[in-house]
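# Analysis of the macromolecular model
Here is how the chains run, residue by residue.
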Amino acid sequence: MSPKVERKSQKIHFTQRTIAALPVPTGKRATYYDSQVAGLCIQLQPGSRHRAFAWYRKVAGRPTWRGIGDFPDLNVEQARTKAQEWNAQIGKWKADGCEGPSPLDRPRGEPTFGALLDDYIQRHLRQHAKRPEAAETNAKYLFKKYVDEWRERKLSMIRRSDVLDLQMRIAESVGQITSNRIMQLLRAMLNFAITAEVWSGDNPCSRVKLFHEEKRTRFVQPEEMPKLFRAMKKEPNRDLVDFVNLALWTGARRGDLLSARWEDIRTDDNCWRIPDPKNRTPYTVALTPEAVAIFKRRSRSNGSPWVFPSRGKTGHVVDLKGAWKRLIKRAGITDLRQHDLRRTLGSWQAAQGASLQIIGKSLGHTSTAATAIYSQLNLDPVRASVGGATRAMLAASKRKPKLLAVRNE
């Protein structure tokens, strides 16, 4: 099964400069074809600066896709050489009357787990994951750290007993949550192998029961709010200070906040549209005056399309883990994660008497039973509820909003 390639894709002359200057797509994956070599294309993932060379042509009427390599690790001439090599193989095969299998048919030999991981990343995660780079990094890390002993083993060599032994070994040495993540990765890889017809065996992970995971209910408690804001007043990292405040005032997920774009924020209308959240259902955040003030201040000194710009591959900040750990340590708060800030807004809204519908609308939650009700709500009661929770948190912190959101102005 070949990944879907956008049909409405323009041809351009590939150079290092033209590829580097291509705009980051905001919706679906974008594909550009080289005007010099047939089949050579560059794919850009939405919301990311990641771009990769690929080759796509119809061979004997069948769409055939091959990954070549990441740009700029691979330059244009190297990518063209590989594409021309495949074009030559197909040309010779056609000249011989298409006798025998296509030279680009994938080998039918049974793959190893290492080969499957590479194929899974190339043909599945990079094409379908919401955040391909993060998904690829996570898959490589988990596999190398916990499953690397299987890298050279054929898929059929792994039995259900091997999977169960691995599950218990990781659970006892590292923890049950990590064990669950490994089982989910292996299950997904093997399901991909079966669906993509690179292997025809049974998935030994399909009937492995995962360990129970308690749903996390942690949020910033009233007695912790003053500690958090006192620590933020001394925090030198402005991105972290603004992130924490905006996470509390909007309830947005960390990834949505750090990848926020100015084109989706309307400070004149006090709204922020999140176009591609985790559940893939766009929703609108009702911005309070405290949140609007932060966005306006950042926009005055920001020439980037991103609210939290950086010089990395994505163009925006992707991780504040180190700064966050230092902040909560300084605050004397334990077991508080960045995602708990999102849960804090909903919890404080509930304490103010907000309905579940209002809270769900505020946080962009979806469910089959409640979605219709959420869609009928306008943003006025949502803004009032978020504003009430914000004022309650500010009162608990015993600090004024201007002093909390702005440092060294």
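Anyway, here's the lowdown on the structure attached to this text.

Rules and cut-offs
Residues numbered from 1 in each chain as written. Predicted model: local features only at pLDDT ≥ 70, side-chain atom pairs only at ≥ 80, totals over all residues. Heavy atoms only, no water. Helix = DSSP H or I, 4+ residues; strand = E, 2+ residues; numbered from the N terminus. Buried < 20%, exposed > 50% of the residue type's maximum accessible area, 1.4 Å probe, protein only. Contact = heavy atoms within 4.5 Å. Areas by Shrake-Rupley, 256 points an atom, 1.4 Å probe, with all protein chains shown as cover. Phe/Tyr/Trp six-rings, centres within 6.5 Å; stacked < 30°, edge-to-face > 60°. Lys NZ or Arg CZ within 6 Å of the ring centre and 35° of its normal. Patch = residues over 30% accessible without salt bridge, like charges linked within 9 Å, V, L, I, M, F, W, Y side chains within 5 Å. Salt bridge = Lys/Arg side-chain N within 4 Å of Asp/Glu carboxyl O. Lys, Arg positive; Asp, Glu negative; His and termini not counted. Charge placed at Lys NZ, Arg CZ, Asp CG, Glu CD. Pairing = 2+ DSSP bridges. Axes fitted to C-alpha atoms, helices over the stretch in contact; angles between N-to-C directions. Parallel < 35°, antiparallel > 145°, perpendicular 65-115°, else oblique. Nonpolar A, V, L, I, M, F, W, Y, C, P; charged D, E, K, R; others polar.

Let's shift gears to the overall build of the protein chain. Along the backbone of the protein chain there are 16 helices and 8 strands. Going through the 409 residues of the protein chain one by one, you find that 47% of them count as buried. Partitioning the intrachain contacts of the protein chain with sequence separation of at least 6 by distance along the chain shows that 59% fall at a separation of at least 24. Entry remark: accessible area of the protein chain is about 21400 Å², with carbon and sulfur atoms responsible for 51%.

To continue, consider the packing of aromatic side chains. Evaluated as defined, the whole model comprises 8 aromatic pairs. Ring geometry for phenylalanine 53 against phenylalanine 71: centres 6.0 Å apart, planes inclined by 85°, an arrangement best described as edge-to-face. Of this pair, phenylalanine 53 sits in strand E4 (residues 51-59) while phenylalanine 71 sits in strand E5 (residues 62-71), and the two are 18 residues apart along the sequence. With respect to burial, phenylalanine 53 and phenylalanine 71 carry one shared label: buried. Considering the side-chain rings of tryptophan 262 and phenylalanine 295, the 6.3 Å spacing of their centres and the 80° angle between planes classify their relative orientation as edge-to-face. You can see tryptophan 262 sitting in the loop between helix H9 (254-258) and strand E6 (265-266) and its partner phenylalanine 295 sitting in helix H10 (residues 289-300), a full 33 residues away along the chain. Looking at tryptophan 262, the relative accessible area reads 17%, which means it is buried. By relative accessible area, which is 0% here, phenylalanine 295 ends up buried. Joined through ring pairs, the aromatic side chains of Phe14, Phe53 and Phe71 make up one cluster. Against the face of tryptophan 306 rests arginine 261, its NZ or CZ located 4.4 Å from the ring centre. The aromatic ring of phenylalanine 308 is capped on one face by arginine 298, whose charged end is 4.1 Å from the ring centroid.

So, about a positive patch on the surface. Together, Lys227, Arg230, Lys233 and Lys234 give the surface a local cluster of positive charge. Inspection of the secondary structure puts arginine 230 in helix H7 (residues 225-233). Judged by relative accessible area, arginine 230 falls into the partly exposed class, the value being 43%.

A word on unusual backbone geometry. Residue proline 72 is bonded to the preceding phenylalanine 71 through a cis peptide linkage, with omega at 5°. With respect to the element layout, proline 72 can be found in the loop between E5 and helix H2 (76-95). Here the phi dihedral of glutamate 197 falls at roughly 60°; this positive angle occurs in a residue that is not glycine. Topologically, glutamate 197 is positioned in the loop between helix H6 (176-195) and H7. For glutamate 197, a relative accessible area of 56% translates into the label exposed.

Further remarks concern the pairing of E4. In terms of strand pairing, strand E3 (residues 40-44) meets E4 through 5 bridges, oriented antiparallel. Looking at E4, one finds that leucine 40 is bridged to tryptophan 55. In textbook terms, the turn of a hairpin is the stretch between consecutive antiparallel strands, and for E4 and E5 this stretch comprises 2 residues, one of which, alanine 60, has a positive phi near 55°.

In spatial order, the strands read E6-E7-E8; together these 3 strands make up an open sheet with antiparallel pairing. Taken across any chain shown, the strands that pair with only one partner, and hence form the sheet edges, are E6 and strand E8 (283-286). Note: E6 against strand E7 (residues 271-274), 2 bridges, orientation antiparallel. For isoleucine 265, the partnering residue across the bridge sits in E7 and is tryptophan 272.

What follows deals with the packing of helix H3 (residues 113-128) against H6. Packing of H3 against H6 leaves a shortest axis separation of 10 Å and a crossing angle of 80°. The angle between H3 and H6 falls in the class roughly perpendicular. Judged by residue contacts, Phe113, Leu116, Leu117, Asp119, Tyr120, Arg123 and His124 of H3 engage Leu185, Leu186, Ala188, Met189, Leu190, Phe192 and Ala193 from H6. Split into classes, the residues belonging to the contact of H3 with H6 amount to 11 nonpolar, 1 polar and 2 charged.

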